[in-house]
Amino acid sequence: MNRRFAALSIAIMGLTMLAAPATSLMAQTPPSERDLRIYAGLHAAAATGDVAAIEQLIADGEKPNLQDANSRTPLIVAAFRHQHAAAQALLRLGANPNARDADGYDVLAIAAINNDIETLKAALAAGANARAVVGRDNGSALISAAQLGFVDIVRALIEANADLDHVNGRGWSALITAVVLGNGDKPHTETVEALVAARADGDLKDEQGKTAIDYARARGYADMVRILEKAVGRHT
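Small disclaimer: the values here were computed from a predicted structure and weren't measured. (Residues numbered from 1 in each chain as written. Predicted model: local features only at pLDDT ≥ 70, side-chain atom pairs only at ≥ 80, totals over all residues. Heavy atoms only, no water.)

## Thoughts on the overall build of the protein
Stated formally: The numbering of helices and of strands both runs from the N terminus, where a helix is a DSSP run of H or I of at least 4 residues and a strand a run of E of at least 2. Partly exposed residues are those whose accessible area sits between 20% and 50% of the maximum for their type, while under 20% is buried and over 50% is exposed, using a 1.4 Å probe and protein chains only. What makes two residues a contact is simply this: any of their non-hydrogen atoms within 4.5 Å. Surface accessibility follows the Shrake-Rupley procedure with a 1.4 Å probe radius. Residue values consider only the protein chains on display as shielding.
Counting secondary structure elements, the protein contains 14 helices and zero strands. In sequence order, the protein lays out its α and β elements as α-α-α-α-α-α-α-α-α-α-α-α-α-α. Scored against the burial criterion, the 236 residues of the protein give a buried share of 46%. Considering only contacts within the protein whose residues lie at least 6 apart along the sequence, 71% involve residues at least 24 apart. For the protein, the accessible area works out to roughly 11,500 Å², and carbon and sulfur atoms hold 52% of it.

Below you can see the structure in the form of structure tokens.
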């Protein structure tokens, strides 16, 4: 009996280890309650969405790209807080749409993970780089959106010329990610369909030597398999 419990414990530990990297793909650090309490100037205005204060502070000489202790600019704070009008004002008044926080995320990656199409489109219009490599896992906004099945974000990034075949630290492209970290549901299937329609490479292999269609077949995702069959062999 003890051996059985020991084996079960080892199995659970193994599953936990396998699951951990998936979370790390989208780990971000929004402003904490303490951060929000101590913010002043543009960071405070961005956090609360006070557009009039943003305009006045910048007119008075405050720098729009000032960073907090975690390297968040006011624009990044506005993105985390879903303050659309504040984000648009900051972009209009000189905020850098490609600035990174201490975790290596830009406003596009933050908007992608929060399914915030309004901030994402505003940042793209202001010159945000849809091909940027972000985060500690060398991912991208597109990979993050594919992971979560946010198909409108995926489509917007495809239209903005995101790198369809960029692979992160685990060797996963957006296409592989949508299969491996999705669950075969409609949003992830539509994500796969959008990527395939944009000519994402279905022959890319990860560090295990597996392609997106290999994973889809192993999981029994029949709808995804039918879509992915169109992407196999076309880049050779």
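## Examining the nonpolar core
To be explicit about the condition: Nonpolar cores are built from buried Ala, Val, Leu, Ile, Met, Phe, Trp, Tyr and Cys residues. Side-chain atoms within 4.5 Å join them into one set.
Counting residues in each nonpolar core, the largest one holds 68 residues, and the members touching the most others are L90, L157, V179, V192, L195 and L228. Those residues in contact with L228 that lie beyond four places of it in its chain are L175, V179, V192, V196, A212, I213 and A216.

## Quick word on unusual backbone geometry
At S71, a residue that is not glycine, the phi angle is positive and equals roughly 65°. Non-glycine residue H82 carries a positive phi angle of around 60°. When you line up the elements, H82 lands in the loop between helix 5 (74-80) and helix 6 (84-92). H82 sits in the partly exposed class, given a relative accessible area of 38%.

## Observations concerning the side chain of Q28
Applied cut-off: Identification of polar contacts relies on pairs of N or O atoms within 3.5 Å, with a donor-acceptor requirement for protein atoms, meaning one able to donate a hydrogen and the other able to accept it, and with residues adjacent in sequence counted only if both atoms are side-chain atoms.
One can find Q28 in the loop between helix 1 (2-24) and helix 2 (33-38). Residue classification places Q28 among the buried residues on the basis of a relative accessible area of 17%. A distance of 3.3 Å separates a polar side-chain atom of Q28 from the backbone oxygen of A109. With sequence-adjacent residues up to four places away left out, Q28 is seen in contact with F80, D103, Y105, A109, I110, I113 and N114.

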